[in-house]
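Inside the fold
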Amino acid sequence: MKKNLLILLFLLISAVYVKAQTASSAPDAYGYTWKNSSDPAGPVYNWIDITNWPGTTFVTGLADDNIVGPFPLVVPFHFYWYDPNNFYIGSNGYIEFDKSATAASPFPTIPNSGGLQDYLGAMTSDLTFTNDIGEVVAGSKCMYWQNADTLIVTWDSVGFWAQTAPGYQGLNSFQLILNNTDSTITYQYNTQTGTSFGTASFMTIGVESKAGSIGLPYEQGGLINDFYPAAGTAVRFYHPGVDTAAINDVATAYVNNPTTGALFLSKNGAPFVSIAEGINSGNRPQSTFDFYSRVVNRLNQIQVRDTVLFPATTAGQSQVVTFPDTWIPNDTGTFRHIVETRLGATDLVPTNNTRTLEIRVVDTTLTPILLSYDNGVDDGTGGLAWAGGGGGGGIYIIPPFTPCTITKLRAFIVANANSAGFSMHIFDDDGLNGTPLTQLDSVSVSGGSVVLGAWNTIILPTPVTINSGGFYVAWMMGADGIGLGQNALGTLVPVSNRTFEVLGPVSNPASWSEWRSREIQDMMINAFIDGVVGINEAENLNTLFGDIYPNPATDKVYMSFDLSTVSERKMNVEIYNIQGALVSSNSIDDIKGTLELNISDLPSGSYICRIAIGENNIQRQFNVIAK
């Protein structure tokens, strides 16, 4: 779907683009080449219909601008200098081996060190499996079939997204074939009609490595060639066969959590433990190098810093590192946890050396507690909106403590040409892999009540309780013309990496996909929380219970308590990780006055211990430094 920034958009006129006469390519920086079926030595077009083959898997959940997976590969596929063992399928005509981003209009060039990487673009363009009201288009489907030698992924009868009803037009059937015997990649185009909305960067076809700066394009519409792949065409990408190119590259894979998603911490809370994963992303062994971590405030003043020697690695090997020095968040505000690999001048791709985690420290002794990723300043471009209306955006929040209650929501509205309303929705993160599933509440705001150029605050009639983990908040357009504020593109540092675009029914998990600008932008959606009486931070001062010690710890932690005034003798103890997942649960009948917990099996990180005994409920945060 095309993002509408309320600037003039021009419809692409119906035209027949003349296909470039080029039938083969020069090699990319690694040695990949391609030939198409116009080349006498190139592939012969031979469409493979896998619809009725035994073992064919029909892919569900594809909608507009989203990605599903991962799906396992029967045999790892040799791509560039490494061997992926699973893949993701994008609705916009591509697969990713390592989910780095979601491709959406305007589509990236190949090669490109930012955004989408490690992918195969068979026909990366503004396709959609759903219509203007979010229903799956009849006949549109995606399927794959594989054995030890071959993977075939087919997009069948998929139209281009359209601004007007029914929300799509044209017809495209194409497939991607991976051959494990010779490491070739083949794209075949069976039908192609219609044109993509917009004129700039409307299509990308090619391959790109996880280094980003190494890749080979076949077609980049709006930039190179300007053609749509003709029906009956085959394009084959050839691996050079040997790793003649020395790829020296190390990267910071993530900081704190797999998406480097922002955290909320309590002021004066438990020490923060720096954790990051580094990876040898090249094709040569690497000796040790410095792995540097620091936490800085808004003024770039260092709060804590640490350097460890990253161990020697083989190609593709990764390592999670816990930095010894911890940080106690004594001040509120926005902080950055920055982790950097320092291989030096031999590092091929310095752009992947550094990752930055946003940390928001809030005062949990005050109520209500504002949970916000934005800096309160709109970028002035007209806001997030979708042409034709019906779309929206969302954020994911892991509160600094649970249980808590959501009492208010707010959204900053910057445009409303048609006096439209909007709605806001709260979802639990109880879906697959923590995705939004159960809708906990929704509130609508009429067009006449919308305040332009300001925060629009909604007080929930009944506060929503979050017992563990996190929650999602979605803002949905009521009609065309209304725009949600967003931080200035590329100027906000840090960025939450917790934003989503919602294109289709908000209650459909498949309609949620990572915001195409999530690495450089945040949406102006906020939530306010309070503690739950008896379980919030104030209750944590309950004199019946002491603090967890030692903190941080390696093998065991302890807590002292005095339950002489409590008649109940059974204690329930649960431990959650920082993402809200339950990692341990115990029921203790024989209470002696000191609680002992074995944490030797827990990986390094921050954890929440929740204890319930009778009417008394508390939580304590502690940190683990694994051996």
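Residues numbered from 1 in each chain as written. Predicted model: local features only at pLDDT ≥ 70, side-chain atom pairs only at ≥ 80, totals over all residues. Heavy atoms only, no water.

1. Remarks on the packing of aromatic side chains
Applicable threshold: Each Phe, Tyr or Trp ring, with Trp reduced to its six-membered ring, pairs with another whose centre is within 6.5 Å; inter-plane angles below 30 degrees give stacked pairs, above 60 give edge-to-face pairs, and intermediate values give tilted ones. We count a stretch as a helix when DSSP gives it H or I for four or more residues in a row; a strand needs E for two or more, and each element gets its number in order from the N terminus. In this scheme, a residue with accessible area under 20% of its type's maximum is buried, one over 50% is exposed, and one in between is partly exposed, where area comes from a 1.4 Å probe on protein chains only. Whether a charge lies above a ring is judged from NZ of Lys or CZ of Arg, which has to be within 6 Å of the ring centre and within 35 degrees of the ring normal.
Using the criterion set out here, one finds 37 aromatic pairs in the structure. Between Tyr30 and Tyr80, the aromatic rings sit 5.3 Å apart at their centres with planes inclined by 55°, giving tilted as the arrangement. Taken together, the residues Tyr30 in the segment before β1 (33-36) and Tyr80 in the loop between β3 (67-72) and β4 (86-90) connect sequence positions 50 residues apart. Judged on exposure class, the residue Tyr30 and its partner Tyr80 are both buried. Residues Phe291 and Phe310 carry aromatic rings whose centres are separated by 5.2 Å and whose planes lie at 75° to one another, so their mutual orientation is edge-to-face. Of the two residues, Phe291 is situated in strand β18 (residues 289-296) and Phe310 in strand β19 (residues 302-310); the sequence distance between them amounts to 19 residues. A relative accessible area of 0% places Phe291 in the buried class. In textbook terms, an aromatic cluster arises when at least three aromatic residues are bridged by ring pairs, as seen for Tyr30, Tyr32, Phe79, Tyr80, Trp81, Tyr82 and Phe97. Sitting above the plane of the Phe528 ring, Lys408 keeps its charged end 4.5 Å from the centroid.

2. Some points on the sheet that holds strand β6 (residues 119-125)
This is how it is decided: Paired strands, as defined in this entry, are two strands with at least two bridges between them according to DSSP. In this analysis an axis means a line fitted to C-alpha atoms, helices contributing only their contacting stretch, and an angle means the value between N-to-C directions, from 0 to 180 degrees.
Taken together, the six strands give an open sheet; going across it, the order is β3-β4-β5-β6-β12-β13, and neighbouring strands pair in antiparallel fashion. Strands with a single pairing partner mark the edges of an open sheet, and in this sheet they are β3 and β13 (215-221). On average, each strand axis in the sheet is tilted by 20° relative to the strand beside it, whichever way the strands run. Bridging between strand β5 (residues 94-96) and β6 involves three bridges; their strand directions are antiparallel. Of the residues in β6, the one forming a bridge with Glu96 is Tyr119.

3. As for the confidence of the model for the chain
Applicable threshold: The quantity known as pLDDT measures the predictor's confidence residue by residue, on a range of 0 to 100. Whether two residues are in contact is decided by their heavy atoms, any of which lying within 4.5 Å being enough.
Predicted confidence across the chain gives a mean pLDDT of 85, with 89% of residues reaching 70 or more. Long-range and interchain partners of residues 4-21, a stretch whose pLDDT sits below 50, account for 34 contacts in this model, where long-range means more than four residues apart. Across residues 533-542, where pLDDT falls below 50, the model places 21 contacts with residues more than four positions away in sequence or in other chains.

4. Considerations on the sheet that holds strand β20 (residues 318-327)
The strands making up a sheet are joined through hydrogen bonds of the backbone, oriented either antiparallel or parallel. A sheet is described by the order of its strands in space; here three strands give the open sequence β15-β17-β20, paired in antiparallel fashion. Of all strands in the sheet, those with a lone pairing partner are β15 (250-255) and β20, marking the two edges. Averaged over all adjacent pairs, the angle separating strand axes in this sheet is 30°, with direction ignored. Where strand β17 (residues 272-280) and β20 come together, seven bridges link them in antiparallel fashion. Counted as the bridge partner of Ile279 is Ser318 from β20.

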